[in-house]
Amino acid sequence: MGEIEIERLSGADLEAATDDLARLRIAVFAEYPYLYSGDAEYERAYLREFAAEPGSVLIAAKDGSAIIGAATASPMAGQKAEFRAPVEAAGYPARDVFYFGESVLLPEYRGRGIGHAFFDAREAAAREAGATWACFCAVVRADDHPKRPADHRPLDAFWRVRGYTPLPGVTTTFDWAEHGKAEETAHTMQFWMAER
């Protein structure tokens, strides 16, 4: 592994990286707790839609020319209703909130501070946009989930160190197909929030 570079991608650079980013998302979200079966065309469409939203940022981690991690963020006002509505109902106007989408990193690069770099860059983007709050949501899984690996470490402690706490009772649902299942099913997602 070489030295990792962290950079914002936009415009033509983001468009050129779409296929690599789609593969990365599928690879990382295949793991527990998401267990996402993955669909390359859906991922490409998602990334194009994301890139078209004004104010969106994509932070890429590169080892040489290879993208080995990525994190996204965007003004909450531009998010779909299923993400925006629960936060607004909890008393946070969308215009004051920056939404952090995914943060994905290949396993062999974890534990090297890249996750913190992703949060630093997204929080900087939130401040630049004049947002007061930053939030994200994470899938909720039972502690005794049958597919939970014995060595699984939830990211809750990491998120708390960064200053984020769960918003009590503020959740949404998002549908995706898990491995071995043809049909998409609803998954509960818990919102976490921090003042920025």
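In this text the structure is predicted, and so the values were computed from the model without any measurement.

Novice: For this particular structure, what's the right way to read unusual backbone geometry?
Specialist: Of all residues except glycine, most have a negative phi; of all peptide bonds, most are trans. Here the residue pair Y32 and P33 is connected by a cis peptide bond, since its omega of 15° sits within 30 degrees of zero. Residue position: P33 is located in the loop between α2 (18-29) and α3 (40-52). For L35, which is not a glycine, the phi torsion comes out positive at approximately 55°. Inspection of the secondary structure puts L35 in the loop between α2 and α3. Residue class for L35 comes out buried when judged on its relative accessible area of 7%.

Novice: Would you take a moment to explain the pairing of strand β4 (residues 97-105) for this structure?
Specialist: Within a regular strand, side chains alternate between the sheet's two faces. Counting buried residues along β4, seven of its nine residues qualify, which places the element largely inside the surrounding structure. Here strand β3 (residues 66-75) pairs with β4 via six bridges, running antiparallel. Residue pairing for β4: G69 is matched across the bridge by L105. Two elements, β4 and strand β5 (residues 133-139), share three bridges in a ladder whose sense is parallel. Considered in β5, the bridge of Y99 is made with C135. Between β4 and its parallel partner β5, the chain crosses via helix α5 (residues 114-128), and the hand of that crossover is right-handed.

Novice: What is the right way to read the packing of α2 against α3 from this model?
Specialist: The angle between the axes and the distance between the axes are what describe a pair of packed helices. Here α2 crosses α3 at 120°, and the two axes come no closer than 9 Å. Relative to α3, the element α2 is oriented oblique. As for the relative orientation of α2 and α3, their crossing is right-handed in sense. Counted together, T18, D19, L21, A22, R25 and I26 of α2 and A40, E43, R44, Y46 and L47 of α3 form the full contact between these two elements. Residue composition of the contact of α2 with α3, grouped by class: six nonpolar, one polar and four charged.

Novice: Looking at this structure, I do not really get α2. What am I missing?
Specialist: For α2, spanning 12 residues, the distance from its first C-alpha to its last is 16 Å, which sits close to the expected 16 Å at 1.5 Å a residue. For α2, the set of buried residues is T18, L21, A22, L24, R25, V28 and F29. Here the buried residues of α2 occupy an arc of 165° about the axis, which is enough to place them on one side. Buried-residue contacts for α2 involve α1 (11-16), α3, β2 (57-63), β3 and β4.

Novice: Mind showing me how you'd approach the pattern of salt bridges here?
Specialist: Side-chain pairing between opposite charges can occur once the charged atoms of the two side chains come close. Across all of its chains, the model carries 15 salt bridges by this definition. Here R8 makes a salt bridge to E128, at a shortest N to O gap of 3.2 Å. Separated by 120 residues along the polypeptide, R8 in strand β1 (residues 4-9) and E128 in helix α5 bring together distant segments of the chain. On the accessibility criterion, R8 (40% relative accessible area) is partly exposed. The partner of E123 in a salt bridge is R162, and the shortest N-O contact between them spans 2.9 Å. With E123 in helix α5 and R162 in the loop between α6 (156-161) and β6 (165-176), this pair connects stretches of sequence that are 39 residues apart. Like E123, the residue R162 is buried in the burial classification. Salt bridges sharing partners connect three or more residues here, namely D120, E123, R162 and R196.

Novice: Looking at this structure, I do not really get the packing of aromatic side chains. What am I missing?
Specialist: Describing an aromatic ring pair means giving the distance of the ring centres and the angle of the ring planes. On inspection of all chains with the given rule, the structure shows 15 aromatic pairs. With a centroid separation of 5.7 Å and 40° between ring planes, the pair formed by Y34 and W176 is classed as tilted. Here Y34 is found in the loop between α2 and α3, whereas its partner W176 is found in strand β6, with 142 residues between them in sequence. Of the residues examined, Y34 reaches a relative accessible area of 19% and is grouped as buried. Look at W176 and you get buried, because its relative accessible area is 6%. Measuring from ring centre to ring centre gives 5.0 Å for Y92 and W133, while their planes differ by 80°; the resulting arrangement is edge-to-face. Taken together, the residues Y92 in the loop between α4 (81-89) and β4 and W133 in strand β5 connect sequence positions 41 residues apart. The class of Y92 is buried, set by a relative accessible area of 18%. Ring pairs connect the aromatic residues F100, F119, F136, F158, W159, Y164 and W192, which therefore count as one cluster.

Conventions and cut-offs
- Residues numbered from 1 in each chain as written.
- Predicted model: local features only at pLDDT ≥ 70, side-chain atom pairs only at ≥ 80, totals over all residues.
- Heavy atoms only, no water.
- Helix = DSSP H or I, 4+ residues; strand = E, 2+ residues; numbered from the N terminus.
- Buried < 20%, exposed > 50% of the residue type's maximum accessible area, 1.4 Å probe, protein only.
- Pairing = 2+ DSSP bridges.
- Right-handed = clockwise from strand over helix to strand, strands pointing away.
- Axes fitted to C-alpha atoms, helices over the stretch in contact; angles between N-to-C directions.
- Parallel < 35°, antiparallel > 145°, perpendicular 65-115°, else oblique.
- Left-handed = near helix turned anticlockwise from the far one by under 90°.
- Contact = heavy atoms within 4.5 Å.
- Nonpolar A, V, L, I, M, F, W, Y, C, P; charged D, E, K, R; others polar.
- Expected span 1.5 Å × (residues − 1).
- Arc of directions from axis to C-beta.
- Salt bridge = Lys/Arg side-chain N within 4 Å of Asp/Glu carboxyl O.
- Phe/Tyr/Trp six-rings, centres within 6.5 Å; stacked < 30°, edge-to-face > 60°.

Such coordinate-based values are descriptive only and should not be taken to indicate function.
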